[in-house]
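# Chain and residue survey
Residues per chain are reported as follows:
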Amino acid sequence: MTDAPVVQKHPIGSRVAKGHVKPHVGPDRKAYEEEHTQSVGERGDEWWAKRRLTPSFFLSSSLLQKANETLSWYRPFQTVRSGSFAQGNIAWFLEGELNASYNCVDRHASASPDKTAIVYEADEPSQGRNITYSELLLEVCKVANVLKSLGVKKGDTVSVYLPMTWHAVAAFLACARIGAIHSVVFAGFSAESLRDRINDCQSRVLITSDEGKRGGKTIATKAIVDQALKECPVVDKVLVLRRTGNEINFVDGRDLWWHEEAEKVSSYCVPETMNSEDPLFILYTSGSTGKPKGVVHTTGGYLLCAALTVKYVFDVHPGDKFACMADIGWITGHTYIIYGPLTLGTTTTVFESTPVYPSPARYWETVEKHGLTHFYSAPTAIRLLRQQGHHHLQSFTLSTLRVLGSVGEPINSEAWEWYNEHVGQNECSVVDTFWQTETGSIVLAPLPGAIETKPGAAQVPFFGQAPVLVEAATGELVEGPGEGVLCLSKPWPSIARTIWKDHARYLDTYMNPYPGYFYTGDSASRDEDGDIWIKGRIDDVINVSGHRLSTAEIESALILHKGVAEAAVIGIGDDMTGQAVHAFVIMKPEFSYSSSNETSLVKELIIQVRKVIGPFAAPKKVYIVGNLPKTRSGKIMRHIIRKIVAGESDQLGDLSTVAEPSAVDQIKQKVSESQ
Ligand code: WTA
């Protein structure tokens, strides 16, 4: 029997709360556990609310904070929470009224108008600038008034397809200001993906830019939009931000320049009064079927969790400069570039470039230039920079950094240690944060002032979160050390409320697999200390460089190629990107190609996926095969293919259920030929 690997615990980062009185949670695990226990106890909901239901001396100070302290309400809420997972009708802070844009901008612009709201680090290092809270307020109001002038009303959807410019923040908040529901589409998505997302939420107005800049390259944003809009009859106005100023196609009567329209409207827009449960945004994400899901988040609960996780998971204090390097088109950008930091009045960063442009020192140059205190990135970027060598960090002052975050996929211990040693200089807290588009905010993470860290583990639940491990087959709870399906047992304020126009799918995906729990789709293990380690998805979702992709979506993209009869897509472990997409394709018998031409066919199929979904979903390998292993009822047995590619052909198990066993040999042969 082999012993379990010894995990080296890292002490609490010596720089946590440096320059401030003390960390928000600490000084040790016991302090965290006491507060966590309260937050999931019988009166746990009150942790989120500042409710003076009983004289204050009966309540610990933590119960007197949160919702009322963190958010400004036009009308106070009366009910902290209602609803249940089983019913799929969870609601928080009922009767409460507020506005997200007011919470993110106005109150800070009035208290400290000249404070930097956004550090905009442009693609070319010399072209960025800082945007103050008062400037942000002006821009948000202008765009909000432009949207109103285009007829956008409370409850309407607005699609946003923008690159990483600070104006994107103004676009999000302008929608929120007038009560419009934004649906931001990651600017790496193709015209077809953009089209489908616009059509699903039926937005009349789209906000975009002429072009984008990234890594020294120019991206033809508006040209992609024009392509998409050929099949979006509902869109009648397109607001175009001038980012590069290059000549672009403009459709008279439909396309309008952002800067020209902004000139025509007044400088102040009264924020719309929104109910806590009014939708704030839709964000499409991949699930186990081909059709992306429009995950819906509401206002009060989402905003509160976004702010409190920034505060506690990153131990953010006044004066800090927070930098999340994700794209605004993903949930990480929504919550940790925009809504979380700005609700707290913290300076946030919009980073337009890549980690390696103009050199692999770009991130560290940026940290030094702005004196960033927090840096939140993804394992895939950390692995890439580790590979480039730590000499790229050596000439930069990184001592302002206190907390380093990781998100999106499991972080391997080598990448974690490198991050800790070379970026954190063994003095920062490294927080591995687990969460999802649907959770809205961080679910598991070691809190910096309280928890000794373990490389590769997201470890402990945030306040109010009660994760459980469930045995997949029986639904029984796994107690103590062990492995199982990760579910969440207690509703939290930023849980997604529904899937846009498809509540049945919401219930089926998250609530029905294990009744009474929210199903994450990930498996996890719990160690002797009670710490949680995320293993990865157990459904048909694969994770490439932190991008969440569905195998079914990629298969559907391949099948749209005129020659493809059938496709099976799997995720295979990859040193750099975490997982990589491998596709197995059967061509139609009538589609003729010579095997000497296979390389160009493979290229064509890769282009097909880039075109239908976007470049980030492109398969790393495509195998043209004559047959696929299937059950007798015709279901493709992807787990068999996955094992063959992963070099585990000796562990295929019982093959008696394979309808045509020769298909297995064919796959084996094809895979060995290509190695
Ligand atoms: C994975 C991103 C391991 C997980 C915020 C989850 C992680 C999916 C971690 C959600 C982590 C996210 N360790 N795996 N720290 N964080 N994941 O919706 O599989 O884009 O289900 O949200 O990413 O991806 P999504």
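In short, a report on the structure. (Residues numbered from 1 in each chain as written. Predicted model: local features only at pLDDT ≥ 70, side-chain atom pairs only at ≥ 80, totals over all residues. Heavy atoms only, no water.)

## Topic: the site of the ligand
Near the ligand, the surroundings consist of 17 residues, among which Thr433, Thr437, Asp522, Arg537 and Arg548 are the closest. Here a nitrogen atom of the ligand sits 3.1 Å away from a polar atom, N or O, in the main chain of Gly408. At 2.7 Å from a nitrogen atom of the ligand is found a main-chain nitrogen or oxygen belonging to Thr433. Starting from 530 Å² of accessible surface for the ligand in isolation, the protein chains cover 96%. Going through the elements one at a time, α11 (331-344), β20 (429-433) and β26 (532-537) are the ones with two or more residues in the shell around the ligand. Split by residue class, the shell around the ligand holds six nonpolar, six polar and five charged. (Near = heavy atom within 4 Å. Polar contact = N/O pair within 3.5 Å; in protein donor to acceptor, adjacent residues only side chain to side chain. Areas by Shrake-Rupley, 256 points an atom, 1.4 Å probe, with all protein chains shown as cover. Helix = DSSP H or I, 4+ residues; strand = E, 2+ residues; numbered from the N terminus. Nonpolar A, V, L, I, M, F, W, Y, C, P; charged D, E, K, R; others polar.)

## With respect to the packing of helix α4 (residues 100-111) against α11
Closest axis-to-axis distance for the α4/α11 pair is 8 Å, and the angle between their directions is 45°. By the angle between their axes, α4 is oblique relative to α11. Where α4 crosses over α11, the two elements pack in a sense that is left-handed. Note on element contacts: α11 touches α4 through Tyr339, Leu342, Thr343 and Leu344, opposite Ala100, Asn103, Cys104, Arg107 and His108. (Axes fitted to C-alpha atoms, helices over the stretch in contact; angles between N-to-C directions. Parallel < 35°, antiparallel > 145°, perpendicular 65-115°, else oblique. Left-handed = near helix turned anticlockwise from the far one by under 90°. Contact = heavy atoms within 4.5 Å.)

## Remarks on the pattern of salt bridges
Following the criterion strictly, the structure yields 40 salt bridges and no others. Among the salt bridges present, the one from Asp45 reaches Arg81, with a minimum N-O distance of 2.8 Å. Pair noted here: Asp45 is in helix α2 (residues 45-48) and Arg81 is in strand β1 (residues 79-82), with a separation of 36 residues, a long-range link. Taking the relative accessible area as the measure of exposure, Arg81 reaches 26% and is therefore partly exposed. A salt bridge links Lys293 to Glu438; the shortest N-O distance between them is 3.9 Å. (Salt bridge = Lys/Arg side-chain N within 4 Å of Asp/Glu carboxyl O. Buried < 20%, exposed > 50% of the residue type's maximum accessible area, 1.4 Å probe, protein only.)

## Describing the environment of Tyr74
One can find Tyr74 in the loop between α3 (67-70) and β1. As for Tyr74 and His547, which are separated by 473 residues in sequence, their C-alpha atoms are 38 Å apart. Other than its neighbours up to four places away in sequence, Tyr74 contacts Glu97, Leu98, Asn99, Tyr102, Pro271, Glu272 and Thr273.

## Looking at the side chain of Ser39
With respect to the element layout, Ser39 can be found in helix α1 (residues 29-40). Its relative accessible area of 0% is what places Ser39 among the buried residues. From its side chain, Ser39 meets the backbone oxygen of His36 in a polar contact 2.7 Å long. Beyond its immediate sequence surroundings of up to four residues, Ser39 is in contact with Gly44, Trp47, Phe463, Gly464 and Lys490.

## Section: the sheet that holds strand β5 (residues 129-132)
Reading across the sheet, the three strands line up as β5-β4-β17 and stay open at both edges, with mixed pairing between neighbours. The open sheet has two free edges, formed respectively by β5 and β17 (348-351), since each of these has just one partner strand. The sheet shows a mean angle of 20° between the axes of neighbouring strands, taken without regard to direction. Alignment of strand β4 (residues 116-121) against β5, held across four bridges, turns out to be antiparallel. Opposite Thr116, over in β5, you have Thr132 as the bridge partner. (Pairing = 2+ DSSP bridges.)

## Let's talk about helix α15 (residues 503-511)
Along α15, the positions that sit buried rather than exposed are Arg505, Tyr506, Tyr510 and Met511. Against the buried residues of α15 lie β15 (293-298), β24 (498-499) and β25 (518-526).

## As for the pairing of strand β6 (residues 157-161)
The element β6 is extensively covered by neighbouring structure, given that five of its five residues are classed as buried. Pairing of β6 with strand β7 (residues 181-184) involves four bridges; the strand directions are parallel. In the sheet register, Val158 faces β7, and the bridge partner there is His182. Bridge analysis of β6 against strand β8 (residues 205-209) gives four bridges, and the strand direction is parallel. Bridge pairing links Val158 to Val205 in β8.

## A word on the nonpolar core
Grouped together as the largest cluster of nonpolar side chains are 117 residues, with contacts concentrated most on Trp48, Phe93, Leu136, Leu173, Phe314 and Tyr339. The leading source of residues in this core is helix α6 (residues 166-178), at 11 residues. Apart from residues lying up to four places away in sequence, Tyr339 is in contact with Ala100, Cys104, Phe172, Leu173, Ala176, His182, Leu280, Phe281, Tyr302, Leu303, Ala306 and His334. In terms of nonpolar packing, the next biggest core, distinct from the first, is built from 41 residues, Leu194, Met587, Phe591 and Leu605 among them. (Core = buried A, V, L, I, M, F, W, Y, C linked by side-chain atoms within 4.5 Å.)

## Some points on the sheet that holds strand β19 (residues 403-407)
Strands sit in the order β16-β18-β19-β20 across an open sheet of four strands; the sheet is parallel. The open sheet has two edge strands with one neighbour each: β16 (322-324) and β20. Neighbour-to-neighbour, the strand axes of the sheet open up by a mean angle of 15°, direction not taken into account. Across five bridges, the pairing between β19 and β20 is parallel. When the bridges of β20 are listed, Val403 appears paired with Ser429.

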